Every structure is written in C-alpha cells, then in structure tokens.
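# Survey of secondary and tertiary structure
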Amino acid sequence: MKGAMQPRPFMVPGPGGPMPPPQQFGLVETRPPLAAVLRPRFNIPGLHPSAAAAAAASGAGKIASTYDLVEPMRFLYVNVVKARDLPVSATGAIDPFVQVKLGNFTGTTSVKAAAHSPSWQQVFAFSASHLQAHLLEVFVRAKDLGGDDFVGRVAFDLAEVPVRVPPDSPLAPQWYRLEGRRGEKLPHGEIMLSVWLGTQADEAFPDAWHSDAHAAAGPAAVASTRAKVYFSPRLVYLRVAAMGAQDLIPHDTSRPMSACVKLQLAGQVRRTRPGAPPGAPNPIWNEEFMFVVSEPFDEPIVITVEDRVAPGRDEMLGRIVLPLQAAMPRHDHFGKPVEPRWYNLMRPSDDPDKKEMKFASKIQIRMSLDFGYHVLDESTYYSSDLQPSSKPARKPSIGMLELGVLGARNLIPMKPKDGRTTDAYCVAKYGPKWVRTRTILDTLNPQWNEQYTWEVFDPCTVITVVVFDNGQIGSKNGAGPDQRIGKVRIRLSTLETDRVYTHFYPLLVLHPSGLKKTGELHLAVRFTCTAWVNMMALYGRPLLPKMHYTQPIPVMQLDYLRHQAMQIVAARLSRAEPPLRREVVEYMLDVDSHMFSLRRSKANFYRITSLFYGFLAMLKWYEGIRSWRNPITTMLVHMLFLILICYPELILPTFFLYMFMIGLWNYRYRPRHPSHMDTKLSHAEMTHPDELDEEFDTFPTSRPADIVRMRYDRLRSVGGRVQTVVGDLATQGERAHALLSWRDPRATAIFIFLSLVVAIVLYVTPFQVLMVITMLYLLRHPRFRSRMPSVPFNFYRRLPAKSDMLL
C-alpha cells in the first residue's frame, strides 16, 4: 500500500477555479489499489518465487468479490488440531503443548495436563509481509519444572504450501508423524495440522492468533486483540401502570396512611405520588411508567407499596414480584386493549412458602410489552437503526452498506510512559451490529484491511467508526481503560449509490487543553441499493414506527429511557468474550451528549442564524431593486411582475420552474465527499480554555467555588440575552393577538373598521389592479419615499403586549 496509494487533496470546483487545498482538519481523497476499482497483483514480500508463481497461477491474486473494498493482505495459516500417541515420561503422562516457529516469530498453544491425545483447535496467522524464513517448524514439547522437553517436530517448506482462495472449502487437516532433532521419524507421536496461504477474507482470520500479537500481548491479552462481531440485545419498552390498591393495612393506625408504589426493574426505579384520597385504605394512583427491558426477559419487576411515615423513611405495606412474561405483548396500537389485573401483596410477616392466604391486600396493575416502538439507545441525531422491536413489523431491506477499514496514519502515541506507541483498533456500529477490528500492536500507522457488511433498511441513518487504543496491551496490570483516539460519522443519505468512497478522515478529539488532531483514518465506503422503489418511497414515510406517533412518549421520559437503554447495551456487550468495554460503548452511543456545553450552545446558535442568511440575501436583492441601484434590472422586475399579474396562472409554474433551475445550477457544486466533523461549525478551534474545562467537568461539579461562581455568572449573562430574545419574539406574537382581543379598545376599533373598508375595496376592485398598485408603490423611486417608519409599522408597534404584566 505504501507505494501504490496516491493520496491527493480533495478539490471542489468553484466559479473562480479550484478551491485551495483543505486545512489540516479536512478530508483527503485517495486512490488505493482496491479490487472494486482495479485488479491488484499478487505479491508477497519474502515468499519463495515458486510459491508466488503457484499462487498467481491458482488465481489467488483476486480477492473475493465480497471482500473487494480492502487491499489483500497475505497470511500463512497454521491450524493445530490435535495430537495422538505421544510418548510417556518416567513419571507418567506428559503435559504437551505446541510451538509454531517461523523465523523470529513464535506462537505457543495452551498446555494440556497429563494428555496422551491432546486437542488444541488453534489457528496461527503469520503475516506474509514479515516472513523471515522459508521453513515453518512445528514443535511438540512437554512442560517440565526444569524446562520445556522436546517431544518432536514437523517442518514445512513454504514453497510447497498450498494457496486457498475463498469461497473454496477449508483445507482438510492431515496427520503428520513427528520427527526427531536430526529429522528421523519417531516411533511414537503424530500431530494433525493444516497449513495454507490465504488472505484476510479467510474465515479463520478472526479467530487466528496473530504471531505479532501473540508474542507481544501474552496469552492473557491475546483474546482482546482479535477481530469480533457483536450484536446489541433486543430492547423492548415495558409499560406498567399502577391503578390502585385495596385493603391496605398500615403499621400504625393512629396516623393517616400515605401510600405510594415503588417499581424496580434491575437498576431502574420509579415511584408514584401518594394515593388519593389521602389516608384511605383503598388508594388510587392511575400512574403509568415505562422501562427498558432486553431479551430473554429474565429480570422480574418488583412492585412495592410503601407508607411514608417520615421524610426519607418508608415502611413496606406489601410486595409482589412479577415475571415479565406476565405482561401482555403489543405489536401495534390496533391490538386488544390491555386489561388491568389484581394481584395479592405479600406483607413482611407473610410466609412465602404458604400457598393459601385467608386475607391479603391487593394491587391493580396493568402491564404490557410494547414491541411496536423503536427503543432508542443512541443519540437521535446519529441514529443508525429506526426499526421497531417487533420483527414482523420491520421494513424490508433496501440495500447493503460495505465498510472497508483500510488503515490509519500519523496516530499520536497513547502509551509513551510504558515505552510503547499505540495499540490501535477500530469499532464500527450500524444498527444492532457492532464490529471490532483486530488490534495492531505498537505502531502509529496500522494497516487493518478488514471489510464488513450491513443490511440497510433506511438511508437516513448514520454509521459510526471510532479508533481506540487497547488498554489491555502494554499496561502494568493489563486492565487500563481503552482510550479514544477519534470518531468518524457518515450519513448514508449523503452517499451516491454504487460508488466507492476512499478518504482519509481526520480523527479529532476535544481535550480541556483544546482541539487535537490525533491522526487520520483511511476508510472505503460503498452503499449499494437493491430496491430503488422502496428506497424512494421511504422519503415519504414516517421516520419512526407508527407507535411513536399514535401513542407518543414525552420528550423527558424518552431521554430517561434512552439513558437506560445505553446502560443495558453497555452492560450486555461488556459481558461478551472478548468484552466490548463500557467506555467504548458509551463513547460510541454519545452517552454524555445531553450535558451542557457553552461551545455547543454557541454552535447551535450560529447554526440557527446561518439559516437566515438566505432570507437576508433575498432582502438585500429586494432592497437593491427597490432603491433602483440598477435601473435596467428594476425595469425587468417590473415587466416580469406585470406579466405574472396579467396571467396569474403562471405564478406557481414559474416558482417551481425557478426551483428546478436552481437545483440544476447547484448540481455543479454538489458535495463530492462524505460528510465529516466540521471543526469550524462545532466552534472547536477557537474555544476558550475555560469553556472546554467546563465542558469536561464532572456532574456534579468538582471545581473550586470561585470558578463555579464565575461560570454561573457567565451562564446568567448568556441566559439573560437568550431571555431577552425570547421575550421579544413573544412580544411580537402577543401584539398580533392584541389586534382583535380589545385589550386596547381604540386600536382594535381602528383595526376592525379598516378591515371592513379593505374587505369592501377588495370586493369591488379586481385583484390584479390591487397587486399592481401595491407593487408599484413598494418599488417606487427613492425620491418619492420618506425615511420615517410607515403607518402600519407605527400602528403595530403601539399595540399592547403582556410584557407589562410580568413581575
């Protein structure tokens, strides 16, 4: 890749010629030799010429068609299956293990204690670009207190190693007789092996123990260096309504009872208000709550009725533990309504083993599992999945998304204190599928060349790719956190179909000290559409499932549920093997996106103001016409206006034709690259250090009181300006409402009298005449105008608003 790749800066043609090259935070378009664009040559550095010729003759130079977005990387695979008939030592059975050696690279299997016929089922992968010998040696050794005893060996000449190209079937392992140190056949001992040359498209690649990682990471951390695929758990909303209770018995009858219900599902706890009427033994709540649950629904919900006896002190009146299978499943809002059910409450003094109870307090509960919603587990702005939890209600696939993680360059050293540079790996998420590349050890320019595929159900979704430093490698205790290096987001709707995008994406991380570029990530992306009609129809359909609109969830509750869903996904993926650590999942899902940031507030404010630039441009153009700066243009506008007035049926066609022409004209300047992080739009380059320190502060704050006071005063000043703007907008709306509210009887009387006069004039005067008079009046020459405000403007400014009613 070093010699073949030809990076060049991305250029967008403009009206005055090509734009200058992008800044250090821009994209860089590349032309890597991918099979999707051209046919790469089969070239393995260090490989015997006869083996290379055999590989080329067998067609191994072509990488599989489903793996054509990455450059082929060649590996020598060694599959150590098992052994049999191993010799016996003087003390009994030996503890055998296998050592695979190729040059300076050595891989070792686990030790099988006291085994005559051990089984390992382990694959080793040696990168062909680092082959240092032409002879592969496989040793069988025995673990001994005094050292490793030699049992036997098998040697392979790399020139005789076969080449396997997927989708060929896996190479069948064979039995090999062990040899002695001098090459003689031993009377006892055989080992089953298979050795072949392949690429990263081989199915053995994800589970293989790579020689460099095995040697540097150690057996305990090797699992964390492998490439893996994860799936988020299936999440569902649980709706629980506490209706009421009957025959509650308080512990103390001398005071009125204040009963409330506590609902707990794992770490999610919700409480109702005290029941009504106060003090009654049959309280009514009629409160509904929603929880996030995940399959296989093994966590029960605990419902407790408590009596508030003092502030911060509650006494349990009864409890019931319900399995989630007791909830009625709902796949849409048209199904059968969920009926509430009565349950017996267990008191603290009740015997749980007693089956029959003569008397028990009761509680009425309504529960349902709402499969018709999509459970949001990521930020709504960067959603990668919009499908409902109900599988029958999901939309058909419209295409495929293919991502090739080629490599990275110029990464910053993440472990300089440990004498290492960076142990980088990538995590990509789209929909419920997460992928993790293998970890490339101790390099600032890793090359992964791994390709992954997702089904696409909606083009208005986003794929997220993040680069992390593996904290299990190189640290002293092997349990350090995985540090974030940078993030890339790509919205699928901005991609052209069937086009391969190959760019270096800048990796940007915001620190309290400022914005830092931590490197560049090289990606190849392709979005393929397989159902054009369905994809175009999606643009007219609701973004979320129907349940979100027929029975909407309040925004505040939706944010709480999203946080709970994030916690469930992070907990579930952290229990995988190897685990996808919690800090990785939380950063991918933007768990802290709801926290206040003055930088984000400024960015959003300027985003809003930029929307009005188009209106300001139109007003400037209108003012130029109105002020007769260019008399010829003004006269042409008069003529066009008179034509449209005389033929009003041309107004709408002319408007839409104008929109069509603008769209065609802007096609020349369409974006030629995927969207990426814009540092100027994010206000990340020129942010004050104190604002960044405030953004990275903990919640609640951990800063000294004087700094908190200063930030609070600054927030009050910003809030005061926002308050003034909001108040001005409200004032204008209230003045419009005051036209007919008779708050100012004289103003309202004038307005309704003028409305009557205008209605009579409009009734007797042709509409075209009125429009001509109005437009000629507005476009009159400046010498016939006054600089004083107009009469309607003065009248509107004098209308009352509710601002004088505020305290």
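Residues numbered from 1 in each chain as written. Predicted model: local features only at pLDDT ≥ 70, side-chain atom pairs only at ≥ 80, totals over all residues. Heavy atoms only, no water.

## Examining the packing of aromatic side chains
Applying the stated criterion across every chain, the model contains 11 aromatic pairs. Both rings, one in Phe-156 and one in Tyr-176, keep their centres 5.1 Å apart while their planes meet at 85°; by these two values the pair is edge-to-face. Taken as a pair, Phe-156 in strand β10 (residues 147-157) and Tyr-176 in strand β11 (residues 174-179) lie far apart in primary sequence, 20 residues in all. Of the residues examined, Tyr-176 reaches a relative accessible area of 25% and is grouped as partly exposed. Within the aromatic cluster, the residues linked to one another by ring pairs are Phe-75, Tyr-77, Trp-196 and Phe-205. Above the plane of the ring of Trp-175 lies Arg-84, whose end atom (NZ or CZ) is 3.9 Å from the centre. The aromatic ring of Trp-454 is capped on one face by Lys-433, whose charged end is 5.5 Å from the ring centroid. (Phe/Tyr/Trp six-rings, centres within 6.5 Å; stacked < 30°, edge-to-face > 60°. Helix = DSSP H or I, 4+ residues; strand = E, 2+ residues; numbered from the N terminus. Buried < 20%, exposed > 50% of the residue type's maximum accessible area, 1.4 Å probe, protein only. Lys NZ or Arg CZ within 6 Å of the ring centre and 35° of its normal.)

## Some remarks on the environment of Pro-446
Within the secondary structure, Pro-446 is located in the loop between β26 (433-436) and β27 (447-456). Classification of Pro-446 by relative accessible area gives buried; the value is 1%. It is 8.8 Å that separates the C-alpha atoms of Pro-446 and Leu-411, two residues lying 35 residues apart in sequence. Those residues within four positions of Pro-446 in sequence are excluded, and the remaining contacts are Gly-407, Ala-408, Leu-411, Ala-424 and Ile-440. (Contact = heavy atoms within 4.5 Å.)

## Some details on the nonpolar core
In this structure, Leu-403, Trp-448, Trp-454, Ile-463, Leu-521 and Leu-523 are the most contacted members of the largest nonpolar core, which totals 37 residues. Every element with two or more residues in this core is listed here: β24 (399-409), β25 (424-430), β27, β28 (462-469), β29 (483-491), β30 (500-511), β31 (514-529) and α3 (532-538). The greatest single-element share of this core, amounting to 5 residues, is contributed by β31. When near neighbours in sequence (up to four residues on either side) are disregarded, Leu-403 contacts Leu-69, Ala-428, Glu-450, Gln-451, Tyr-452, Trp-454, Ile-463, Val-465, Leu-523, Ala-524 and Val-525. (Core = buried A, V, L, I, M, F, W, Y, C linked by side-chain atoms within 4.5 Å.)

## Quick word on the sheet that holds strand β17 (residues 268-271)
With antiparallel pairing, the 4 strands of this open sheet are ordered in space as β17-β16-β19-β20. With one partner strand each, in any of the chains shown, β17 and β20 (313-322) form the two edges of the open sheet. Neighbour-to-neighbour, the strand axes of the sheet open up by a mean angle of 20°, direction not taken into account. Across 4 bridges, strand β16 (residues 259-265) lies against β17 in antiparallel orientation. In the strand pairing of β17, Gln-264 is matched with Val-269. (Pairing = 2+ DSSP bridges. Axes fitted to C-alpha atoms, helices over the stretch in contact; angles between N-to-C directions.)

## Side note on the pattern of salt bridges
With the rule as written, the count across this model stands at 38 salt bridges. Glu-402 is the partner of Arg-526 in a salt bridge, and the nearest nitrogen-oxygen pair spans 2.9 Å. One end of the pair, Arg-526, is in strand β31; the other, Glu-402, is in strand β24, and 124 residues separate them in sequence. A salt bridge links Glu-496 to Arg-499; its shortest N-O distance comes to 3.7 Å. You can call Glu-496 partly exposed: its relative accessible area is 34%. Each of the salt bridges in this network shares a partner with another, and the network as a whole consists of Arg-239, Glu-288, Arg-330, Arg-366 and Asp-370. (Salt bridge = Lys/Arg side-chain N within 4 Å of Asp/Glu carboxyl O.)

## A look at the sheet that holds β25
Strand order across the open sheet formed by 5 strands is β14-β26-β25-β28-β29, with antiparallel pairing between neighbours. Two strands bound the open sheet, and with one partner strand each, they are β14 (228-231) and β29. Neighbouring strand axes in the sheet, compared pairwise and without regard to direction, differ in orientation by 20° on average. Alignment of β25 against β26, held across 4 bridges, turns out to be antiparallel. Across the sheet, the residue bridging to Tyr-430 is Lys-433, located in β26.

## What to know about the confidence of the model for the protein
The predicted model of the protein averages 81 in pLDDT, with 89% of residues at 70 or higher. Across residues 1-22, where pLDDT falls below 50, the model places 38 contacts with residues more than four positions away in sequence or in other chains. Overall, residues 39-65 carries pLDDT values under 50, and its contacts beyond four positions in sequence, including any with other chains, amount to 41 contacts. (pLDDT = per-residue confidence, 0-100.)

## Digging into the packing of helix α7 (residues 598-611) against helix α8 (residues 613-626)
At a minimum axis separation of 4 Å, α7 and α8 run at an interaxial angle of 30°. Between α7 and α8, the contacting residues are Thr-609, Ser-610 and Leu-611 on the first element and Tyr-613, Gly-614 and Phe-615 on the second. Looking at the contact of α7 with α8, its residues break down into 3 nonpolar, 3 polar and no charged. (Nonpolar A, V, L, I, M, F, W, Y, C, P; charged D, E, K, R; others polar.)

## Considerations on the pairing of β11
Pairing geometry for β11 and strand β12 (residues 185-199), over 5 bridges, is antiparallel. Bridge pairing in β12 places Arg-177 opposite Glu-190.

## Looking at α8
Counted at 1.5 Å a residue, the expected span for α8 with its 14 residues is 20 Å, and the 19 Å between its end C-alpha atoms agrees. Regarding α8, the residues found buried are Gly-624, Ile-625 and Arg-626. Summarising the contacts, the buried residues of α8 are in contact with α9 (631-646) and α14 (767-778). Just past α8, the residue Trp-628 takes up positive phi, approximately 55°. (Expected span 1.5 Å × (residues − 1).)

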